[in-house]
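These are the residues of each chain, in order.
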Amino acid sequence: MKSEELAFASRQLAGMLQSGLPLEGALGQLCADMQRGALRDELKALEADLARGTPFQEALAARRLPAFLVAMLQIGAASNDLPAVLTLLADYYQSTNLLWTRLKGLLVYPVLVLGAALGVSLLVAVIYQRLIGEILGDFHQGMPGRGAPGLLAMTLNLWAPVGVIAILCGAVGLGLAVPKWRRSLRWRIPGFKEARLSQLASALALMLGKGCTFDQALLLLQQLEGAGPAGHELAQWRARSAAGYRKFSEITTGGKLIPPLFVWLVTGTGEDWAGGFRQAAAFYFERARHRIDMMLYAALPVSVLALGFLVLAQVLPIARLFASLMRMMAFDFDAG
């Protein structure tokens, strides 16, 4: 389910509930205005469960909705403040969607360059291979018994770049397709890491601000992160918190993923951890947006230069070999 859809649904529900519409009717009205998709189907099923008299908490737990959304809705229902929680969720998913939309746009240029480089490199290799065949045929006809100079070097220069670019394309494809690798890369690539830090801080601020304990919030986020690097570090936080450490700087001691600036921003608000996480979320949101914009401005010219370099690196050595072969043929012709 897309963050954009979750933000829209949360904001619409919050508005209808604030206007006095009951939850069951609000869900029906929302589904009537939504396009077909997994989120609409789940919300319609939730509406049907509520119409049959199923308690909200039980009906919500049976739906295949994002775990974070379910947890926050349960908190909102328990505190009898569902519209306020939905409004906060809408802001959370809207900011998440804004950053990830820009990050996905940033990935377009490298992916296009790799695809174009593979296509151009393959085309150059095929064309030059045919030319080599024709020239070598003429070479053997004019000078029988002579070996073709530089044949191995030509072949390597032709097909080695194709192989290298194909391996790079495969690596990028696997990095995007394998969830474990994708989660790990998100915490290591500039821009992506700041976006993840902002999302983590925003989620913690949202849960702590609505009554979750720190351990409950960490447990949910650890489950969402899975076995990735962030999940491992959150597990360490939980262990140190359970061991009796009460200051956030003490809980995060020894961590390698979360930067010291993040810790400083949270501890700067004293005991108000929810406010500290909101401050960290806002800071890293702006930093992520700035870095993404800078990389977007640089991505197109860098991508064009990289593509040109790849083509030249393949063509120039072969052109020199061809020139050497032609000079040898011309020398033998003059000598004869």
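Note that the structure is predicted; figures quoted are calculated from it, not measured. (Residues numbered from 1 in each chain as written. Predicted model: local features only at pLDDT ≥ 70, side-chain atom pairs only at ≥ 80, totals over all residues. Heavy atoms only, no water.)

Novice: Residues and numbers for the packing of helix 9 (residues 192–209) against helix 10 (residues 214–225), please.
Specialist: Where helix 9 meets helix 10, the closest approach of the two axes is 9 Å, and the angle between their N-to-C directions is 140°. Here helix 10 runs oblique to helix 9, going by the angle between their axes. The element helix 9 and its partner helix 10 pack so that their crossing is right-handed. For the pair helix 9 and helix 10, contact is made by R196, L200, A203, L204, M207 and L208 and by F214, A217, L218, L220, L221 and E225, respectively. (Axes fitted to C-alpha atoms, helices over the stretch in contact; angles between N-to-C directions. Helix = DSSP H or I, 4+ residues; strand = E, 2+ residues; numbered from the N terminus. Parallel < 35°, antiparallel > 145°, perpendicular 65-115°, else oblique. Left-handed = near helix turned anticlockwise from the far one by under 90°. Contact = heavy atoms within 4.5 Å.)

Novice: Give a detailed account of the side chain of S198, specifying residues and quantitative values.
Specialist: By secondary structure assignment, the location of S198 is in helix 9. The class for S198 is buried, based on a relative accessible area of 6%. Here the side chain of S198 touches A281 through a polar contact of 3.0 Å, landing on its backbone oxygen. Excluding anything up to four places from it in sequence, S198 contacts L99, A281, Y284 and F285. (Buried < 20%, exposed > 50% of the residue type's maximum accessible area, 1.4 Å probe, protein only. Polar contact = N/O pair within 3.5 Å; in protein donor to acceptor, adjacent residues only side chain to side chain.)

Novice: Kindly report on helix 13 (residues 260–267), identifying the contributing residues and their values.
Specialist: Helical geometry: 3.6 residues make up each α-helical turn, so side chains three or four residues apart lie on a common side. F262, V263, L265 and V266 are the residues of helix 13 that are buried. What you see down the axis of helix 13 is that its buried residues fit within an arc of 160°, all on one side. In this structure, helix 13 carries P260 and W264 as exposed residues pointing more than 90 degrees from its buried face. (Arc of directions from axis to C-beta.)

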